[in-house]
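Breakdown of the fold
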Amino acid sequence: AQSVTQPDIHITVSEGASLELRCNYSYGATPYLFWYVQSPGQGLQLLLKYFSGDTLVQGIKGFEAEFKRSQSSFNLRKPSVHWSDAAEYFCASGTGNQFYFGTGTSLTVIP
Amino acid sequence: EPEVTQTPSHQVTQMGQEVILRCVPISNHLYFYWYRQILGQKVEFLVSFYNNEISEKSEIFDDQFSVERPDGSNFTLKIRSTKLEDSAMYFCASRGLQGSGANVLTFGAGSRLTVL
């Protein structure tokens, strides 16, 4: 069965610092991979997705993620974090009709 | 940009009462989903719906839950007799059959259910 693991429950970074959120997936083949962001009281907004091809994908709000098949990872990165990036981030994988979410990483940005 | 609309945004109900959560998916999407997120926990799959029938459901989606597409636009989740543990944010999502939206879930803003 598929599963998605986000090992970091909570991360705190300083504004302007770089960010990397970890995500590992478990599946025999390469699933579709996604990062969603959830601001407080809001729904889930798609940041970026990977289906195939170039393993470095660019998303909205300056985020990018890199698919590494050898590590079964799809880590999310941003070179310089803004205070407005404080939110909950969910990694997800999908194949066909089913989509699985990780437990989420809560990001706090300090001045 | 097309969006998924959910109503109500927040509902408070008494234990044992029936609740209906409504969703209007993106108009040309054909797959519909309900997910649940208990406060502070992960987003959990409840059910998927395609071609007017349930295509998959999780263990959470027991006999107390049902889904319906009563007309061409609405997609509803009914909880027949709510329990305290049903308190959660319920997200509706949809995806298309082809094109850029084919394998991407678009989520609504959620309906927060509080069971007292």
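Relevant structure appears above.
On a predicted model such as this, the values are computed, not experimentally measured, just so you know. All chains use their own residue numbering, which begins from 1 and follows the written sequence. Each chain is given a letter, starting from A, and each ligand a number, starting from 1, according to the order in which they appear as written. Reporting in this predicted model follows two pLDDT cut-offs: at least 70 for local features of residues, and 80 or more for side-chain atom pairs to be given and counted; totals over whole chains, interfaces and linings ignore these cut-offs and use all residues. As a convention, hydrogens and water are excluded, and side-chain values are obtained from all of the structure's heavy atoms.

Concerning the overall build of chain A
Summing up its helical and strand segments, chain A has zero helices and twelve strands in all. Sequence-ordered secondary structure for chain A, helices as α and strands as β, is β-β-β-β-β-β-β-β-β-β-β-β. Each radius of gyration reported is based on C-alpha atoms, and the globular scaling rule is 2.2 Å times the count of residues to the power 0.38. Taken over C-alpha atoms, the radius of gyration comes to 13 Å for chain A, in line with the 13 Å a tight globule of 111 residues would show. The principal-axis extents of the C-alpha atoms in chain A amount to approximately 40 × 30 × 20 Å. Working definition: with a 1.4 Å probe on protein chains only, accessible area under 20% of the residue-type maximum means buried, over 50% means exposed, and in between means partly exposed. Sorting the 111 residues of chain A into buried and exposed places 45% on the buried side. For this analysis, residues touch if any pair of their heavy atoms sits within 4.5 Å. In chain A, 54% of the contacts between residues at least 6 apart in sequence involve partners at least 24 apart. For accessible areas, the Shrake-Rupley method is used with a probe of radius 1.4 Å. Any residue's cover is judged against the shown protein chains and nothing else. When the accessible surface of chain A is split by element, carbon and sulfur atoms take 50% of a total near 5100 Å². By the counting scheme adopted, Arg and Lys are positive, Glu and Asp are negative, and His together with the chain ends is not counted. Positions of charges follow a simple convention, taking NZ of Lys, CZ of Arg, CG of Asp or CD of Glu. One finds the centroid of the 7 positive side-chain charges in chain A at a distance of 5 Å from the centroid of its 8 negative side-chain charges. By definition, any uninterrupted DSSP run of H or I lasting at least four residues is a helix, any uninterrupted run of E lasting at least two residues is a strand, and each is numbered from the N terminus.

Structural notes on the side chain of Q6(A)
All names here are of chain A. With respect to the secondary-structure elements, Q6 resides in the loop between β1 (3–5) and β2 (10–14). Any pair of N or O atoms that falls within 3.5 Å is considered a polar contact. Within protein, one atom must be able to donate a hydrogen and the other to accept it, and sequence-neighbouring residues count only if both atoms are side-chain atoms. A polar atom in the side chain of Q6 sits 3.0 Å from the backbone oxygen of Y89. For Q6, the side chain forms a polar contact with the side chain of T105, separated by 3.3 Å. Not counting chain neighbours up to four residues away, the residues in contact with Q6 comprise R22, W35, Y89, F90, C91, G102, T103, G104 and T105.

Quick notes on the nonpolar core
Among buried residues, those of type Ala, Val, Leu, Ile, Met, Phe, Trp, Tyr and Cys that are joined through side-chain atoms within 4.5 Å constitute a nonpolar core. Counting residues in hydrophobic clusters, the biggest one holds 25 residues, and the most contacted among them are L19(A), W35(A), L47(A), L48(A), F74(A), L76(A) and Y89(A). Mapped by element, the contributors of at least two residues to this core are β2, β3 (19–21), β5 (32–38), β6 (45–50), β8 (64–68), β9 (73–78), β10 (87–95) and β12 (105–110) of chain A. If sequence neighbours within four positions are ignored, L76(A) has contacts with L19(A), E20(A), L21(A), W35(A), L47(A), L48(A), F63(A), E64(A), A65(A) and Y89(A). Counting 22 residues, the second largest nonpolar core, distinct from the first, contains V19(B), I26(B), I79(B) and L113(B).

Description of the interface of chain A and chain B
Taken together, the contact between chain A and chain B spans 18 residues of the former and 18 residues of the latter. Buried area is a sum: the accessible area each of two parts loses on coming together, probed at 1.4 Å, counted once for each and added. Here chain A packs against chain B, burying approximately 1600 Å² in sum over the two surfaces, 55% of which is carbon and sulfur. Broken down residue by residue, the surface that chain A buries against chain B is led by N97(A), F99(A) and F101(A), which jointly contribute 36%. Criterion for a salt bridge: a side-chain nitrogen of Lys or Arg within 4 Å of a carboxyl oxygen of Asp or Glu. Scanning the region where chain A abuts chain B turns up zero salt bridges.

Section: the packing of aromatic side chains
Aromatic pairs are defined between Phe, Tyr and Trp rings, using the six-membered ring for Trp, whenever the two ring centres lie within 6.5 Å; interplanar angles under 30 degrees are classed as stacked, those over 60 as edge-to-face, and all others as tilted. Taken as a whole and judged by the stated rule, the model has 22 aromatic pairs over all chains. An angle of 25° between the planes, with centres 6.1 Å apart, marks the rings of Y25(A) and F67(A) as stacked. Of this pair, Y25(A) sits in strand β4 (residues 24–26) while F67(A) sits in strand β8, and the two are 42 residues apart along the sequence. A single burial state applies to Y25(A) and to F67(A), both of which are buried. Pairwise contacts between aromatic rings join Y32(A), F34(A), Y36(A), F51(A), F99(A), F101(A), Y33(B), Y35(B), F45(B), F91(B) and F107(B) into one cluster.

Considering the sheet that holds strand β7 (residues 65–68) of chain B
Residues and elements named next belong to chain B. Across the sheet, which stays open at both edges, the four strands sit in the order β1-β3-β8-β7 with antiparallel pairing between neighbours. Unpaired on one side and paired on the other, β1 (5–7) and β7 mark the two borders of the sheet. Averaged over all neighbouring strand pairs, the angle between strand axes comes to 15°, with direction disregarded. In this sheet, strand β3 (residues 19–24) lies alongside β1 in antiparallel orientation, the contact comprising three bridges. Strands were regarded as paired on the criterion that DSSP finds at least two bridges between them. Each axis is a line fitted through C-alpha atoms, and for a helix only the stretch in contact is used; angles between axes span 0 to 180 degrees, taken between their N-to-C directions.

With respect to the state of the cysteines
Such a bond, covalent and formed between the sulfur atoms of two cysteines, is termed a disulfide. Disulfides are defined as pairs of cysteine sulfur atoms found within 2.5 Å of each other. Scanning all chains against the criterion turns up two disulfides over all chains. At a sulfur-sulfur separation of 1.9 Å, the disulfide partner of C23(A) is C91(A). With the S-S dihedral at roughly -65°, the linkage between C23(A) and C91(A) falls on the left-handed side. With C23(A) in the loop between β3 and β4 and C91(A) in strand β10, this pair connects stretches of sequence that are 68 residues apart. Each member of the pair, C23(A) as well as C91(A), is classed as buried. Put simply, C23(B) and C92(B) are joined by a disulfide, and their sulfur atoms are 1.9 Å apart. Residues C23(B) and C92(B) share a disulfide whose torsion about the S-S bond is about -65°; that sign makes it left-handed. Of this pair, C23(B) sits in strand β3 while C92(B) sits in strand β9 (residues 88–95); the two residues are 69 residues apart in sequence, bridging distant segments of the chain.

Read these as layout, nothing more, since geometry by itself doesn't imply function.
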